[in-house]
Amino acid sequence: MRKTLVWRWAWRELFHGQLWPVVAALALIIACVFALSALAGRIESVLTQQGRSMLAADLVLRSNQPLAPQTLQNFDSIDVERSDQTRFGTMAFSDNEMQLISVKAVESNYPLRGALELESADAMQDSVKPGELWLEERLFTLLDVGLGDKVDVGDLTLTVSGKIISEPELSFNPFSQMPAAMMHLSDVSAAGVVRPGSRVSYRYFFRGDSSDLEAVKTAYTPIDGQRWIDENTGDRTGDMLDRSRGYLSLTVVLVIIMAAATLLLTCQHYVDSRTQTLAMVKSLGAQRSWVRRWLGRQLLMLMLMATVLGLGFGAALEYLLRLPLADVLPSPLPSYGYLPWVLGPMVALLVALPALGIPLIRLIEAPAMSVLQEQSAVRARKNPWSWLLAAVPILALVAWSYDNRLLWLVLAALVVMLSLLAAIGVMVLKVAQKRVKQPAFKLALSRITRNPASSGAQLGALATSFMLLSIIWLLRTDLLADWQQTLPQNAPNVFALNIAKSELDDYVGRLDANNLERSEAYPIIRGRLVGLNGQRYADLTPDREERDEALRRELNFTWRDTLPTHNEVLEGSWPSEGGVSVESGIAERLGLRLGDELTFNVNSQEFTAEVNSIRDVEWRNMKPNFYFIFDPALVENLPANWLVSFRLEDSQSDILNQLGRDYQTVTLLDLRTMSGRIQVILKQVSLSLSVLAGLAVASGLLLLLTLLRITLAERQREIMLYRTLGASKKRINTTLWAEYGIMALVSGCMAVGGAELAMAGLLKWGVELPVRLHPEVWLSLPTLAVGLVFLTVAWMLRGLLEPLKK
């Protein structure tokens, strides 16, 4: 009977009005952690598969010479699938035309990852067979051929089998492109196009388990001119997804912080309201063990209910977050396993240990004399378990994200901001109290400033809540704005390369005649950076593999009289008198400074240039960008080809074909498919960010509601005291509205300053975006703060004033 009574009382307390925010906050934590961990696993799978698809394998060995037969036999002894590829440039001859082409000679099992789409006369094909020749769309026009026609490649005549629709390997170097063709590897020897001295590159593709791939790497050590490539070292386009994942992580951390604050406030208020009740029960003979069992049953039911609700809501939230990413995520979706089901409740438990445990320990320790004593005497009691409970989530956070700079930056900023906002708020209110004459406002300010510590905590908490809400939304907005600027709707999507000087004016005129939006034309010379301040990089770093990537290959140089409109000078001035402007990324990696003397090699000619400026370059904007831009007087006499990029819509393919037909020596790189795909991904990721940002806003509103509900409940005894002393209901009502209106306005204004400072830090050191002000929140945030507070007060004020009949 006694056990039944304990359970019934615990169940009744669970549905007490003060405990539902506890369930809501715990469920929110579980749902967010579940959704993020599940989605993060799937996004990681996307990034890995995307990287491997772009490589067409799990692991690739790039080489400038063929491997020895014994090496290939060693690879065959390992349990991996292998596919070989040979790349070369050659002339293709049809009955009417000839054209320089870039050939990929592949085996029938190519690709090992990703999809190869080949369109023939009656069907789609996914592999290349002996005797076939597959052409890029432009080559049909350039060679004047159709399906079934014959094309000579070296000594071999091949049949045109169809068109290359898409292939997994996507090269992003637009300066070495020729129209592409594919043939079978077994036909290369018969064609006789690969001879000693030919410029040929080789690829060896591998697919297998991680352990087998490591065995492949162990079996062969690359020499000069060779390199192992995997999804981590290859070119990847996951920067946008990486940033969005970082935003998701940050948002969930902020949601957890706000939910933890809700837990702490709710449980603290619950303890204050139940201290005398428990003290009375103890005075009637209840033992401390009975109180523990009673509270333990409440906590157990709280956690069970929150876990069920949180996991269910988390599964639904994960679905909502990935719904916009349907075209990005792989199909079928990989399972996220059991980890999210365990991680969500575990994080909630870690957060609940101090948030619920510390106040409840004080409640258990409350002596029976608390019936007669003030609660402040109870608050003064200490328990060593409190420190241990508080240390558990802190140690877990350190172990989980000790190297997450963004997270610690946010947490440090929150601590500093909370303290500063609380102190500033109290000072502002004290100054206002001396100047205000209206009785209701003067009484309200007197009430707020009576206890500076308590008022400061309330103002700081309110301001921090509004600040967090604005940070979440502003960071989302800035990320989306950065992506839109990086790849705007009108971004160039076609590069015209290798334009001869004699053809430049005519070619650009043709683009302008078709009203195509284009970039300026840039001269291109190929060369290497070989020395710094009189010392050669080969001597500074003898091991070629240890040098920066930019030192191991030829780079694309250009010259200009003026700064490109899409670049920004960070240091120095534009090159003059034999100078060079250097991109900031390579300058940082190589330790280049203004005034350094760099040595370059172009066509076996060496020359020096002084670093005159450091430029910021956005490489993702699909515009012509360069590591080094020279003073024209230094290099303009070197032989060069020209580059121009322009915007072409899908319906304008005829213009592209005509350009290819009229200017057969000009290479056209069509990136319309790729840029369109990136635009789709951008929109989908934007929707996911908006879903999670909306969830974070809901979490912040829950915290605000809890905070205001608790502070309003604390006013009830004071309201009765004011009434006893003769204050009218109207005067009490006006004072309450004035008090909360002032607190809302002050906290909203403080939140604006805090949000701007926090956003400056996040943009500069967190997501590495340009720092900017956000005037859109200067007026909207204080207005929103006052509106939310007034709505909450209006909702709860009727219950507080109900005892007042007049």
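Preceding block: the structure.
What this report covers is the structure whose coordinates are included nearby. These figures come from a predicted structure and were not determined experimentally. (Residues numbered from 1 in each chain as written. Predicted model: local features only at pLDDT ≥ 70, side-chain atom pairs only at ≥ 80, totals over all residues. Heavy atoms only, no water.)

The next point concerns the pattern of salt bridges. Summed over all chains, the structure comprises 12 salt bridges. Between arginine 560 and glutamate 520 there is a salt bridge whose closest N-O contact spans 3.2 Å. Taken together, the residues span a long stretch of sequence, with arginine 560 in the loop between strand E15 (555-559) and strand E16 (567-572) and glutamate 520 in the loop between helix H15 (501-513) and strand E13 (522-532) at a distance of 40 residues. The residue arginine 647 makes a salt bridge to glutamate 649 at a minimum N-O spacing of 3.4 Å. Of the residues examined, glutamate 649 reaches a relative accessible area of 38% and is grouped as partly exposed. (Salt bridge = Lys/Arg side-chain N within 4 Å of Asp/Glu carboxyl O. Helix = DSSP H or I, 4+ residues; strand = E, 2+ residues; numbered from the N terminus. Buried < 20%, exposed > 50% of the residue type's maximum accessible area, 1.4 Å probe, protein only.)

What follows deals with the pairing of strand E19 (residues 605-617). As defined by bridge partners, E16 adjoins E19 across 5 bridges and the pair is classed as antiparallel. Each residue of the ladder has a partner; that of glutamate 571, found in E19, is isoleucine 614. For strand E17 (residues 579-583) and E19, the ladder comprises 5 bridges, and the chain directions are parallel. When the bridges of E19 are listed, glycine 579 appears paired with glutamate 610. Of the pairings in the sheet, the one linking strand E18 (residues 597-602) to E19 comprises 6 bridges and is antiparallel in character. From the neighbouring strand, valine 602 faces E19, where its bridge partner is glutamine 605. Count of turn residues in the E18/E19 antiparallel hairpin: 2 residues, of which asparagine 603 carries a positive phi of about 55 degrees. (Pairing = 2+ DSSP bridges.)

Evaluated as defined, the whole model comprises 16 aromatic pairs. Here phenylalanine 75 and phenylalanine 206 contribute two aromatic rings whose centre-to-centre distance is 4.9 Å and whose plane-to-plane angle is 75 degrees, an arrangement assigned as edge-to-face. Pair noted here: phenylalanine 75 is in helix H3 (residues 69-76) and phenylalanine 206 is in strand E10 (residues 200-207), with a separation of 131 residues, a long-range link. Joined through ring pairs, the aromatic side chains of Phe557, Phe600, Phe607, Phe628 and Phe630 make up one cluster. (Phe/Tyr/Trp six-rings, centres within 6.5 Å; stacked < 30°, edge-to-face > 60°.)

Viewed as axis vectors pointing N to C, H15 and helix H19 (residues 653-662) meet at an angle of 165 degrees, and their least axial separation amounts to 12 Å. Of the possible angle classes, the one that applies to H15 and H19 is roughly antiparallel. H19 is crossed by H15, and the crossing has right-handed handedness. In this structure, H15 uses Tyr507, Arg510 and Leu511 to contact H19, whose residues at the interface are Gln658, Leu659 and Asp662. Broken down by class, the residue content of the contact of H15 with H19 amounts to 3 nonpolar, 1 polar and 2 charged. (Axes fitted to C-alpha atoms, helices over the stretch in contact; angles between N-to-C directions. Parallel < 35°, antiparallel > 145°, perpendicular 65-115°, else oblique. Left-handed = near helix turned anticlockwise from the far one by under 90°. Contact = heavy atoms within 4.5 Å. Nonpolar A, V, L, I, M, F, W, Y, C, P; charged D, E, K, R; others polar.)

Along helix H6 (residues 210-219), the positions that sit buried rather than exposed are Asp212, Leu213 and Val216. Angularly, the buried residues of H6 cover 100 degrees about the axis, an arc narrow enough to put them on a single face. Facing away from the buried surface of H6 by more than 90 degrees, the exposed residues are Ser210, Ser211 and Thr218. (Arc of directions from axis to C-beta.)

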